[in-house]
Amino acid sequence: MEKLKPYLMVSACGVIAVLVLSLLFDPTRADVSRMDALAALKPKSEAPSSLNPVNDDVTLLSSRPVFIMSTGVGAYKDKTFQIFGLSISPGRKAALVAIDGGQPAWISVGQVSDDVQLTDVTATSARFDTPLGERIVSINDAPTQQGSASSSAAGG
């Protein structure tokens, strides 16, 4: 044990020296000052609308249903999509899409239209986030006719 005493003393002194130096000379001081400068440049329009953002999140979550009814009375009617064009540029991805047979309109990635959000655009398809889940629609896909089975049975 006597032989280890000098090594323990040197180790203890080294640990104390590192602690003192880290308290006196903060290696992250430059990074913190840069981050503070970036926060000061933030425009006022991006400031939170209230003092308590947690309550805003709870209000937003409580206003949406947790489960979407897909059958029965009051069920959510699934949307039909028809892609007429896709646009991919350095600053924007968008799709020219008709939802439920409506007029085609350009929707950018992230934009919400008729409870549907465009999440991605590729060279041949567009990905949508709907209340019933994710849908990928190709530019060559024909829209599904939701009343075609009942109309053909009634007419035939």
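About the cut-offs
Residues numbered from 1 in each chain as written. Predicted model: local features only at pLDDT ≥ 70, side-chain atom pairs only at ≥ 80, totals over all residues. Heavy atoms only, no water. Helix = DSSP H or I, 4+ residues; strand = E, 2+ residues; numbered from the N terminus. Buried < 20%, exposed > 50% of the residue type's maximum accessible area, 1.4 Å probe, protein only. Contact = heavy atoms within 4.5 Å. Areas by Shrake-Rupley, 256 points an atom, 1.4 Å probe, with all protein chains shown as cover. Phe/Tyr/Trp six-rings, centres within 6.5 Å; stacked < 30°, edge-to-face > 60°. Pairing = 2+ DSSP bridges. Axes fitted to C-alpha atoms, helices over the stretch in contact; angles between N-to-C directions. Core = buried A, V, L, I, M, F, W, Y, C linked by side-chain atoms within 4.5 Å. pLDDT = per-residue confidence, 0-100. Salt bridge = Lys/Arg side-chain N within 4 Å of Asp/Glu carboxyl O.

Topic: the overall build of the chain
- Of the regular secondary structure elements, the chain holds four helices and seven strands.
- Sequence-ordered secondary structure for the chain, helices as α and strands as β, is α-α-α-β-β-β-β-β-β-β-α.
- Within the chain, buried positions represent 13% of all 156 residues.
- Long-range pairs, those at least 24 residues apart, make up 32% of the contacts in the chain between residues at least 6 apart in sequence.
- Roughly 12100 Å² of accessible area belongs to the chain as shown, and the carbon and sulfur atoms make up 62% of that amount.

Here we look at the packing of aromatic side chains
- Within this structure, the stated rule accounts for one aromatic pair.
- Seen from their ring centres, F81 and F128 are 4.4 Å apart, and the 15° between their planes marks the pair as stacked. Pair noted here: F81 is in strand β1 (residues 81-89) and F128 is in strand β6 (residues 125-130), with a separation of 47 residues, a long-range link.

What to know about the sheet that holds strand β3 (residues 105-108)
- As summarised here, the arrangement of the three strands in space is β1-β2-β3, forming an open sheet in which the pairing is antiparallel. Taken across any chain shown, the strands that pair with only one partner, and hence form the sheet edges, are β1 and β3. Taken over all neighbouring pairs, the strand axes of this sheet differ in orientation by 30° on average, direction set aside.
- The pairing of β1 with strand β2 (residues 92-99) spans eight bridges and is classified as antiparallel.

Examining the sheet that holds strand β4 (residues 112-113)
- In spatial order, the strands read β4-β5-β6-β7; together these four strands make up an open sheet with antiparallel pairing. Unpaired on one side and paired on the other, β4 and β7 (133-138) mark the two borders of the sheet.

Let's talk about the nonpolar core
- Within the largest apolar cluster, twelve residues are counted, these being F81, I83, A95, V97, I99, I107, V116, L118, V121, A126, F128 and V137.
- Looking at this core, the elements with two or more residues in it are β1, β2, β5 (116-121) and β6.
- Not counting chain neighbours up to four residues away, the residues in contact with I83 comprise L96, V97, A126, F128, V137, S138 and I139.

Remarks on the environment of P104
- For P104, the position within the fold is in the loop between β2 and β3.
- Each C-alpha atom of the pair P104 and F81 lies 9.8 Å from the other, and the pair is 23 residues apart in sequence.
- With near-sequence residues (within four places) excluded, P104 lies in contact with F84, L96, V97 and A98.

A look at the side chain of S125
- Relative to the helices and strands, S125 is located in strand β6.
- According to the relative accessible area criterion, S125 is buried, its value standing at 15%.
- Those residues in contact with S125 that sit more than four places away from it in its chain are L86, D120, I136, V137 and S138.

Details of the pairing of β3
- Bridging between β2 and β3 involves four bridges; their strand directions are antiparallel. Across the sheet, the residue bridging to A95 is I107, located in β3.
- Hairpin remark: β2 followed by β3, antiparallel, with five residues in the connecting loop; positive phi at D100, about 55°.

Quick word on the confidence of the model for the chain
- The pLDDT averaged across the chain works out to 74; a share of 65% of its residues lies at or above 70.
- With pLDDT under 50 throughout, residues 146-156 is counted as low confidence; its partners more than four residues away or in other chains account for three contacts.

Examining the pattern of salt bridges
- Within this structure, the stated rule accounts for three salt bridges.
- As a salt-bridge pair, K93 and D120 come within 3.5 Å of each other at their nearest N and O atoms. On the criterion of sequence distance, the pair formed by K93 in strand β2 and D120 in strand β5 is long-range, its members being 27 residues apart.
- Residue classification places K93 among the partly exposed residues on the basis of a relative accessible area of 33%.
- R127 serves as the salt-bridge partner of E134, at 3.8 Å between the closest nitrogen and oxygen.

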